[in-house]
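# A look at the structure
Listed below are the residues making up each chain.
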Amino acid sequence: MEFWFSEKQTPHVKLSIRVDRQLYSGQSEFQRIDVFQSPEFGRFLTLDGYMMLTEKDEFIYHEMIVHVPMAVHPHVQDVLVIGAGDGGVIRELVRYPEIRHIDMVEIDPLVVEVCKAHLPQTSCCLDDPRLTIHYADGLKFVRSPQDKYDLIIVDSTDPFGPGEGLFTREFYGNCYKALRADGIMVNQHESPFYEEDAVACQRAHKRIVESFPISKVYQAHIPTYPSGHWLFGFASKKYHPLRDLDEARWNQRGLPCRYYTTTLHKGAFYIPAYVEELLRHVE
């Protein structure tokens, strides 16, 4: 008998992946957590039945949400990461020796526990001495700090359930206050392809534009995310993601990546016409 995991991406579209076995299933205070083993995508994590990451394609998401701002900002020392309980964002950040401290705010301790046990490829750096993990609500946590961080990465779940508050005007305004005068915020921005996702995308972009003087959108191709076409938001008080990209400085680091390059960085901000149209009325 064959077993398949299916995620409903719209009322009329499902993504199905054949599963060899279920490695973990549990219910936390916040959500249902499952880890599966599959022949095509390796191990993968779902929350409340929604795909969060697979071992085969997670590198795309994590490289693009971390290396894009790191190639632009010339001196990142203090970083706030909201969400990211799987550890993939932390794995990419700790490759930068100049980063002196990372605060990671994850609402669900069980996510971290499960990922450490079953997804060592992504959670491998959660014991880095520069990292402090705060088990708290990111919306509440970000209300307090002012002028404290050079970079904020919002690695949230979708804009419903535990992640809903991370798409509000209040949240983005507090992120602005928590950043230093030349700070950058990046966030996962949903997919522009299916109608319901596109509305969430528009809404998030509108609220970021209202909060930051520089607000751009960039893209990546992530096979297991709805439609495969995924957007990220780049918001800054000072730096432009293309004009302030320092290709030579980043390339001198010699960081091996499987998706990100500084050439791709530039191309990622040239978004398709339908996405431009979607976001135009809020710019």
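Here, the structure is the one placed above.
Now for a description of the structure that goes with this document. (Residues numbered from 1 in each chain as written. Predicted model: local features only at pLDDT ≥ 70, side-chain atom pairs only at ≥ 80, totals over all residues. Heavy atoms only, no water.)

## A short note on the environment of Ala 248
Looking at the secondary structure, you find Ala 248 in helix H8 (residues 247-252). With 14 residues separating them along the chain, Ala 248 and Thr 262 place their C-alpha atoms 9.0 Å apart. (Helix = DSSP H or I, 4+ residues; strand = E, 2+ residues; numbered from the N terminus.)

## Looking at the pattern of salt bridges
As enumerated under the stated definition, the model contains 18 salt bridges in all. Residue Arg 95 pairs with Glu 92 through a salt bridge whose shortest N-O separation is 2.8 Å. Note on Arg 95: relative accessible area 25%, which makes it partly exposed. Classification of Glu 92 by relative accessible area gives buried; the value is 4%. (Salt bridge = Lys/Arg side-chain N within 4 Å of Asp/Glu carboxyl O. Buried < 20%, exposed > 50% of the residue type's maximum accessible area, 1.4 Å probe, protein only.)

## Considering the state of the cysteines
What the rule picks out here adds up to zero disulfides. In this structure Cys 115 is a free cysteine whose sulfur lies 12 Å from that of Cys 124, the closest cysteine sulfur available. Among the residues examined, Cys 115 registers a relative accessible area of 0% and is labelled buried. (Disulfide = S-S within 2.5 Å.)

## Details of the sheet that holds strand E4 (residues 32-38)
Taken in spatial order, the four strands of this open sheet run E3-E4-E5-E6, and their pairing is antiparallel. The strands lining the two open edges of the sheet, one partner per strand, are strand E3 (21-27) and strand E6 (50-54). Across the sheet, the mean angle from the axis of one strand to that of its neighbour is 20°, orientation sign disregarded. Strand direction decides the pairing type here: E4 and strand E5 (residues 42-47), joined by six bridges, are antiparallel. (Pairing = 2+ DSSP bridges. Axes fitted to C-alpha atoms, helices over the stretch in contact; angles between N-to-C directions.)

## Regarding unusual backbone geometry
With a phi close to 75°, Glu 190 is a non-glycine residue in the positive phi region. Secondary-structure assignment places Glu 190 in the loop between strand E11 (179-188) and helix H7 (195-211). Residues other than glycine seldom take positive phi values, yet Ser 227 does so here, at roughly 75°. Mapped onto the elements of the fold, Ser 227 is located in the loop between strand E12 (214-221) and strand E13 (229-236).

## Here we look at the sheet that holds strand E10 (residues 149-155)
Read from one edge of the open sheet, seven strands run E9-E8-E7-E10-E11-E13-E12, paired in mixed fashion. Single-partner strands in this sheet number two, and they are strand E9 (131-135) and E12. In this sheet, neighbouring strand axes are inclined to one another by 15° on average, regardless of whether the strands run parallel or antiparallel. Bridging between strand E8 (residues 101-106) and E9 involves five bridges; their strand directions are parallel. By the bridge assignment for E9, Ile 102 is matched with Leu 131.

## Describing the packing of aromatic side chains
Across all of its chains, the model carries 14 aromatic pairs by this definition. Ring geometry for Tyr 218 and Phe 269: centres 4.9 Å apart, planes at 35°, overall tilted. In this pair, Tyr 218 sits in strand E12 while Phe 269 sits in the loop between helix H9 (262-268) and helix H10 (273-280), placing the two residues 51 residues apart along the sequence. Here a set of aromatic residues connected by ring pairs shows up, and it is made of Tyr 61, Tyr 218, Tyr 225, Trp 230, Phe 232, Phe 234 and Phe 269. In this structure, Lys 56 is placed above the aromatic ring of Phe 41, and the distance from its NZ or CZ to the ring centre is 5.8 Å. Positioned above the aromatic ring of Phe 59 is the side chain of Arg 258, whose terminal nitrogen or guanidinium carbon lies 3.8 Å from the ring centre. (Phe/Tyr/Trp six-rings, centres within 6.5 Å; stacked < 30°, edge-to-face > 60°. Lys NZ or Arg CZ within 6 Å of the ring centre and 35° of its normal.)

## Considerations on helix H6 (residues 169-178)
Those residues of H6 that sit buried are Phe 171, Tyr 172, Asn 174, Cys 175 and Ala 178. Taken down its axis, H6 places every buried residue within 160° of arc, on the same side. Residues of H6 that are buried sit in contact with strand E7 (78-83), helix H5 (138-141), E10, E11 and H7. (Arc of directions from axis to C-beta. Contact = heavy atoms within 4.5 Å.)

## Brief notes about the pairing of E4
Extensive coverage of E4 is indicated by the burial of six of its seven residues. Sheet topology places E3 next to E4; six bridges connect them, and they run antiparallel. Bridge pairing in E4 links Gln 22 to Phe 36. Connecting E4 to the antiparallel partner E5 that follows it, the hairpin turn spans three residues.

Function-wise, these values are silent; they only describe arrangement.
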